[in-house]
Amino acid sequence: MSNRTIDCMLLDALESTPKRPVLINLSSKKVYIGIISGLSDPNEKEEPNKYISFFPVMSGYRDKDTMLLEFTNVYPSKIKDLNIVVSTDEISHISWFDFKLYNSVNNSAAKEEKRNTKIN
C-alpha cells in the first residue's frame, strides 16, 4: 500500500466524526482494530504521518495459512490512556472496519457449508 494512500486513510480516520474504527494490518501479521488518535508531524528528517497512535479496540493476527483474522484480545474502553504507536512503515494494509459487516460475513462460507451438509 502506498504511503500516499495510507496518509489519506489515516487523515480521514483522524478527522471522521463520529470516530470510525480502522483495521490495521502490520507486516508481522499482527492486526488491530482501533480508533486513530494522532499522526506525527512532518519534520526535516521524516515524512508526514511517519508514526500513528491509536486506541485499540481489538487485536489479534492473521492465520499464516488462511490469512483469516483471528482476534485474541478485546481492550476495555474504560482505560483512557491506552494508545499504541506504530510506524507507518510497519503497516501493510489499512481499511475501515465495520463490526456488523464483519459479524455477518465472518466464517459465512464455513457456516453455509455446514448448513448444506445438514440438508443433504
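Note: the structure precedes this text.
Reading guide: rules and limits
- Residues numbered from 1 in each chain as written.
- Predicted model: local features only at pLDDT ≥ 70, side-chain atom pairs only at ≥ 80, totals over all residues.
- Heavy atoms only, no water.
- Phe/Tyr/Trp six-rings, centres within 6.5 Å; stacked < 30°, edge-to-face > 60°.
- Buried < 20%, exposed > 50% of the residue type's maximum accessible area, 1.4 Å probe, protein only.
- Lys NZ or Arg CZ within 6 Å of the ring centre and 35° of its normal.
- Core = buried A, V, L, I, M, F, W, Y, C linked by side-chain atoms within 4.5 Å.
- Helix = DSSP H or I, 4+ residues; strand = E, 2+ residues; numbered from the N terminus.
- Contact = heavy atoms within 4.5 Å.

Asks: Can you help me understand the packing of aromatic side chains in this one?
Replies: Two descriptors summarise a pair of aromatic rings, namely the distance from one centre to the other and the angle between the planes of the rings. What the rule picks out here adds up to 5 aromatic pairs. A centroid spacing of 4.9 Å and a plane angle of 80° characterise the contact between Phe97 and Phe99, whose relative ring orientation is edge-to-face. The exposure class assigned to Phe97 is buried, which follows from its relative accessible area of 10%. We classify Phe99 as partly exposed; its relative accessible area is 31%. Members of the aromatic cluster, connected to one another through ring pairs, are Phe71, Phe97, Phe99 and Tyr102. Its guanidinium or amino end placed over the ring of Trp96, Arg20 lies 3.7 Å from that ring's centre, counting from NZ or CZ.

Asks: What is the right way to read the nonpolar core from this model?
Replies: Within soluble globular proteins, side chains that are nonpolar generally end up buried alongside one another. Counting residues in hydrophobic clusters, the biggest one holds 16 residues, and the most contacted among them are Ile24, Ile36, Ile52, Phe54 and Ile94. Elements with a contribution of two residues or more to this core: helix 1 (3-15), strand 1 (22-26), strand 2 (30-39), strand 3 (51-62), strand 5 (84-87) and strand 6 (91-96). In terms of residue count, helix 1 provides more of this core than any other element does, 4 residues in total. If we skip the residues at most four places from it in the chain, Ile36 touches Leu10, Ala13, Leu14, Lys19, Val22, Ile24, Ile52, Ser53 and Phe54. Of all hydrophobic cores here, the second largest spans 7 residues; its members include Leu23, Ile33, Leu69 and Phe97.

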